Amino acid sequence: MLYLSTRGAPERKRFCEILLEGLAPDGGLYLPETYPQISDATLSRLRTVYHTQGYADLAFEILSLYIDDIPADDLRALCRKTYTAEVFGTGEIVPLRHLEDGVWIEALSNGPTLAFKDMAMQLLGNLFEYELARRGEELNILGATSGDTGSAAEYAMRGKKGVRVFMTSPAGRMSPFQQAQMFSLQDANIYNIAIEGVFDDCQDIVKAVSNDLEFKRQYKIGTVNSINWARLLAQVVYYFAGYIQATESNAQKVSFSVPSGNFGNVCAGHVARQMGLPIDKLVVATNENDVLDEFFRTGVYRVRGSADTFETSSPSMDISKASNFERFVFDLLGRDGAATKALFCDALNRDGRFDLRSDPRFADAAGKYGFVSGKSTHADRLATIKATWEQHGMVIDTHTADGLKVALERRVAGVPIVVLETALPIKFAATIVEALGREPERPAKFEGIEALPKKVQVMKADAAAVKALIARECAA
Ligand SMILES: *Cc1c(COP(=O)(O)O)cnc(C)c1O
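Let us look at the structure shown here. Please read these numbers as outputs of a predicted model, since none were measured by experiment.

Rules used in this analysis
- Residues numbered from 1 in each chain as written.
- Predicted model: local features only at pLDDT ≥ 70, side-chain atom pairs only at ≥ 80, totals over all residues.
- Heavy atoms only, no water.
- Helix = DSSP H or I, 4+ residues; strand = E, 2+ residues; numbered from the N terminus.
- Rg over C-alpha atoms; globule rule 2.2 N^0.38 Å.
- Buried < 20%, exposed > 50% of the residue type's maximum accessible area, 1.4 Å probe, protein only.
- Near = heavy atom within 4 Å.
- Polar contact = N/O pair within 3.5 Å; in protein donor to acceptor, adjacent residues only side chain to side chain.
- Nonpolar A, V, L, I, M, F, W, Y, C, P; charged D, E, K, R; others polar.
- Salt bridge = Lys/Arg side-chain N within 4 Å of Asp/Glu carboxyl O.
- Core = buried A, V, L, I, M, F, W, Y, C linked by side-chain atoms within 4.5 Å.
- Contact = heavy atoms within 4.5 Å.
- Pairing = 2+ DSSP bridges.
- Axes fitted to C-alpha atoms, helices over the stretch in contact; angles between N-to-C directions.
- Expected span 1.5 Å × (residues − 1).
- Arc of directions from axis to C-beta.
- Phe/Tyr/Trp six-rings, centres within 6.5 Å; stacked < 30°, edge-to-face > 60°.
- Lys NZ or Arg CZ within 6 Å of the ring centre and 35° of its normal.

## Some thoughts on the overall build of the protein chain
Along the backbone of the protein chain there are 20 helices and 15 strands. For a compact globule of 476 residues, the expected C-alpha radius of gyration is about 23 Å, and the protein chain comes in at 21 Å, within 12% of that figure. Here the C-alpha coordinates of the protein chain stretch approximately 60 × 55 × 50 Å along the principal axes. Within the protein chain, the fraction of its 476 residues that count as buried is 59%.

Dropping the structure here:
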């Protein structure tokens, strides 16, 4: 399997070459040259693998269709080391919970940081350690976080050989629970950096350091953001596991509703569907930051400025642009790299928007690719959390509530719909209290974490200071 860039550069790369990279050199995103096709017989075999051998072996089967530069025994061992009941809370790893007739919730948030990002990031940690050891190299991951991504990255990379994580976050702006989750990690290779500023200041620091190419090369600076192909690939697996649990025969179709921000999660659903998994609709649920809903409704993709990007009670979906969206548009345009570049490079830089309304291929987004969308607001979240508690005795988090609200609007009679649970309610306790008048349950392992000793250094919003820290630690 070879990988290409969505912007049409002629180079082709193998999986392990793109594993540690971010964007392709031409600024595009990596995708496989083709999507491997799953026949009916193969899907039946995968069904048996999941039921008899479990999630880790299902993951191995799917990953091995895309990865041919890691020996099969090693890849299987990496999957088995990653997807364990100890790390993910249950032997099923992603159990389906029945909500009501035809509506399921797929539990993706029982990993170490209680958000679905663990599903991919935990595998990434093991893949990075494996590949760095094979090359005899080291990597310094530099990131900016306002919550979920940073903690998922730290819990995936803690204690891993050859990797250090330098994670910036805006001082005092994350919830006490999120701060405690990250700052209580005492591992020597994890560096929490609280920046006196806002999230944008953190992102600016990461950009400034990464743009210093000399520094970047000397100190082997890398990232783990959601455009990483290996993260997206790991997410394809739980669409298969969700489908298999929701059906008894391959003749049945299932829809998925996905709380969306950067389009990474639902893009994995698109890949699964392109492989031939019998998915009916892919429902893109957004919050007030409705860039994606607007596109699927109108054909206009309009990046928001910071003044039009809202801070909401489903904060992990607060985006101004959707960084993985280019992957889908590349497919929508018949994999025309030049046309994709014209939209994402030329039009977005010039106008901050592009418009596919009059392009006949826009109709394929719904028709051929099954995408529909909807939007959910703070009031919708509160109402959905309350109704789900009152009618089903289940407490769901704010992001999952966005997914459920839109799922109920978009579902079609006779086709089961699976809502992806992207976080547990304890991470967003204030909104749960607002909706239900009570605190959400806290998993036992998080009892009292706010009182644990914290390992964090506070810094001014200054890229030079962060560089100095990295240089010092690499020399130590
Ligand atoms: C990251 C995240 C999302 C959005 O996922 P994308 O892949 O960016 O679309 C939704 N909910 C939660 C809780 C998240 O952490």
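Read on for the rest.
## Structural notes on the site of the ligand
Around the ligand, the structure places 15 residues, and the nearest of them are Lys-117, Asp-148, Gly-261, Asn-262 and Asn-265. Interatomic distance of 2.5 Å between a side-chain N/O atom of Lys-117 and an oxygen atom of the ligand. Here Thr-422 contributes a side-chain N or O atom positioned 2.9 Å from a nitrogen atom of the ligand. A class-by-class count of the residues in the shell around the ligand yields 5 nonpolar, 8 polar and 2 charged.

## Points about the pattern of salt bridges
Close approach of charged atoms allows side chains with opposite charge to pair. Taken as a whole and judged by the stated rule, the model has 36 salt bridges. A salt bridge links Glu-214 to Arg-217, with the nearest nitrogen and oxygen atoms 2.8 Å apart. On the criterion of helical spacing, the pair formed by Glu-214 and Arg-217 is a turn pair, its members being 3 residues apart in helix α10 (residues 213-218). When its relative accessible area of 48% is taken as the criterion, Glu-214 is described as partly exposed. Between Asp-331 and Arg-335 there is a salt bridge whose closest N-O contact spans 2.8 Å. Its relative accessible area of 5% is what places Asp-331 among the buried residues. Salt bridges linked by common partners bring Asp-290, Glu-294, Arg-302, Arg-304 and Lys-375 together as one network.

## Focus: the nonpolar core
With 113 residues, the main nonpolar core has Tyr-239, Phe-240, Phe-263, Phe-325 and Phe-354 as its most contacted residues. Among the elements that line this core, the one with the most residues is helix α11 (residues 229-246), at 14 residues. Once residues within four sequence positions are removed from consideration, Phe-240 is found in contact with Ile-38, Leu-43, Leu-46, Leu-58, Ile-62, Ala-272, Met-275 and Leu-277. One finds Val-372, Met-394, Leu-404 and Leu-436 within the second-largest nonpolar core, a separate group that totals 19 residues.

## Considerations on the sheet that holds strand β7 (residues 190-196)
What the 5 strands build is an open sheet, ordered β8-β5-β6-β7-β15; its pairing is parallel. Strands with a single pairing partner mark the edges of an open sheet, and in this sheet they are β8 (221-222) and β15 (457-460). Pairing of β7 with β15, which is carried by 4 bridges, proceeds in the parallel orientation. Following the sheet pairing, Glu-196 is matched in β15 by Lys-460. Across the sheet, helix α7 (residues 148-157) is in contact with β5 (139-144), β6 (163-170) and β7; its angle to β6 comes to roughly 160°.

## A short note on the pairing of strand β3 (residues 96-100)
Looking at chain direction, β3 and strand β4 (residues 103-107) are connected through 4 bridges and run antiparallel. When the bridges of β4 are listed, His-98 appears paired with Trp-104.

## Section: helix α3 (residues 55-63)
Judged by how many residues are buried, α3 sits mostly within the fold: 9 of 9 residues are covered. Residues Tyr-55, Ala-56, Asp-57, Leu-58, Ala-59, Phe-60, Glu-61, Ile-62 and Leu-63 constitute the buried set of α3. Against the buried residues of α3 lie α2 (40-53), α4 (72-82), α6 (117-135) and α11.

## Some thoughts on helix α17 (residues 378-392)
When the terminal C-alpha atoms of α17 are compared, their 21 Å separation across 15 residues agrees well with the 21 Å that a helix rising 1.5 Å per residue should span. Three or more residues of α17 are buried, namely Arg-381, Leu-382, Thr-384, Ile-385 and Thr-388. Buried residues of α17, viewed axially, fall in a sector of 170°; they line one side. Among the exposed residues of α17, those pointing more than 90 degrees away from its buried face are Ala-379, Glu-390 and Gln-391. The elements touched by buried residues of α17 are β3, α18 (398-410) and α19 (429-436). Looking at the residues trailing α17, positive phi occurs at Gly-393, about 65°.

## Here's the deal with unusual backbone geometry
In this structure, Leu-114 is a non-glycine residue whose phi angle is positive, near 65°. Looking at where Leu-114 falls in the secondary structure, it is placed in the loop between β4 and α6. Non-glycine residue Lys-220 carries a positive phi angle of around 50°. For Lys-220, the location among the structural elements is in the loop between α10 and β8.

## Some remarks on the packing of aromatic side chains
Counted according to the given criterion, the structure contains 28 aromatic pairs. For the ring pair Phe-263 and Phe-328, a centre distance of 6.2 Å and an interplane angle of 45° mean the geometry is tilted. Of this pair, Phe-263 sits in the loop between β9 (254-259) and α12 (264-274) while Phe-328 sits in helix α14 (residues 325-332), and the two are 65 residues apart along the sequence. Each member of the pair, Phe-263 as well as Phe-328, is classed as buried. Residue placement shows Lys-455 over the ring face of Tyr-191; its charged tip is 5.4 Å from the ring centre. For the cation-ring pair, Lys-467 lies above Phe-215, with the distance from its terminal atom to the ring centre recorded as 5.5 Å.

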